[in-house]
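# Structural features, examined
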Amino acid sequence: MPRIFLCMGFGQLVVVLAAFVLGMLHSPATVTRHVALGVFALLLSCLVQVIVFTYFTVTGKMVAQALHLGRFDLAPLFEVKRLKRIMTVAMACGIASILCVAITGGNHWRTAAGANAHFVTVLVAFCVQVWAFYRQYGAVCGNFVIVRTVLEEYAAMRRSPNCNQHRIPRGFEPT
């Protein structure tokens, strides 16, 4: 997942930069392209965040289940939850910043006023996007290592001869 997130994040930043460049050209021919690319950047940003949030949710459940079934220490689960909080805060900041850009951009496009506010919002939002991307990438990498380690330990435990794989839980014995 770290490589996938890296590609998605860089792709999103490239689209944001392309929208910025088109907006700076101040040409009537590029206004429509700038708006379309800006809306695409907003949608792409939300898509990337949904994918990352889903990744953390699913892998968190996998780690919890492996730790509980293997009767392992729950410390990795607490670390996964900590990383998910880091990712969630960065996600909220990233989405809020790009929504502010869309709001100021929509106002500027509709009323032809507020160009300076939109420009400042774009600069701030780009910095927030880079910061969020950096924080999320660290969280994704940390989560990836934990998931791989826990699942490898669980698989090794299941392969061990001491593991009673066919034990029937109490109350579910056949009658």
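See the structure above.
The paragraphs below set out a description of the structure included in this document.

What counts, and at which threshold
Residues numbered from 1 in each chain as written. Predicted model: local features only at pLDDT ≥ 70, side-chain atom pairs only at ≥ 80, totals over all residues. Heavy atoms only, no water. Helix = DSSP H or I, 4+ residues; strand = E, 2+ residues; numbered from the N terminus. Buried < 20%, exposed > 50% of the residue type's maximum accessible area, 1.4 Å probe, protein only. Contact = heavy atoms within 4.5 Å. Patch = residues over 30% accessible without salt bridge, like charges linked within 9 Å, V, L, I, M, F, W, Y side chains within 5 Å. Areas by Shrake-Rupley, 256 points an atom, 1.4 Å probe, with all protein chains shown as cover. Salt bridge = Lys/Arg side-chain N within 4 Å of Asp/Glu carboxyl O. Phe/Tyr/Trp six-rings, centres within 6.5 Å; stacked < 30°, edge-to-face > 60°. Core = buried A, V, L, I, M, F, W, Y, C linked by side-chain atoms within 4.5 Å. Axes fitted to C-alpha atoms, helices over the stretch in contact; angles between N-to-C directions. Parallel < 35°, antiparallel > 145°, perpendicular 65-115°, else oblique. Polar contact = N/O pair within 3.5 Å; in protein donor to acceptor, adjacent residues only side chain to side chain.

## Notes on the side chain of Q129
Of note, Q129 is situated in helix α4 (residues 115–159). With relative accessibility at 6%, the residue Q129 sits in the buried group. Non-local contacts of Q129, meaning those with residues more than four positions away in its chain, are made with Q12, L13, S45, G94, S97 and I98.

## What about the environment of A113?
In this structure, A113 sits in the loop between α3 (75–111) and α4. Counting along the chain gives 26 residues from A113 to M87, while the straight-line C-alpha distance between them is 35 Å. For A113, the contacting residues outside a window of four places in its chain are N107 and H108.

## A word on a nonpolar patch on the surface
On the surface, a cluster of nonpolar side chains totalling about 410 Å² of accessible area is made up of M24, F119, V120, L123 and V124. With four residues, the single largest contributor to the nonpolar patch is α4. Classification of L123 by relative accessible area gives partly exposed; the value is 39%.

## Thoughts on unusual backbone geometry
The backbone phi angle of R71 is positive, close to 55°, even though this residue is not glycine. Within the secondary structure, R71 sits in the loop between α2 (28–69) and α3. Its relative accessible area of 65% is what places R71 among the exposed residues.

## With respect to the packing of aromatic side chains
A complete count under the given rule lists six aromatic pairs for this structure. Ring centres of F10 and F133 lie 5.3 Å apart, and the angle between their planes is 55°; this geometry places the pair in the tilted category. Taken together, the residues F10 in helix α1 (residues 2–24) and F133 in helix α4 connect sequence positions 123 residues apart. Look at F133 and you get buried, because its relative accessible area is 12%. These aromatic residues form a ring-pair network of at least three members: F5, F10, F133 and Y137.

## Digging into the nonpolar core
Counting 31 residues, the largest nonpolar core has F5, V52, F56, V63 and V140 as the members making the most contacts within it. Secondary-structure elements contributing two or more residues to this core are α1, α2, α3 and α4. The dominant element in this core, judged by the number of residues it contributes, is α2, at eleven residues. Setting aside anything within four residues of it in sequence, one finds V63 in contact with L77, V80, V147 and V150.

## Some remarks on the packing of α1 against α4
The N-to-C vectors of α1 and α4 enclose an angle of 175°; their axes lie 10 Å apart at closest approach. Judged by the inter-axis angle, α1 sits roughly antiparallel to α4. Facing P2, F5, L6, G9, F10, Q12, L13, V16, L17, F20 and M24 of α1, the residues of α4 in contact are F119, V122, L123, F126, Q129, V130, F133, Q136, Y137, V140, C141 and F144.

## Brief notes about the side chain of Q12
By secondary structure assignment, the location of Q12 is in helix α1. Here Q129 takes part through its side chain, which lies 2.4 Å from a polar atom of the side chain of Q12. Excluding residues within four positions of it along the chain, Q12 makes contact with L44, S45, V48, Q49 and Q129.

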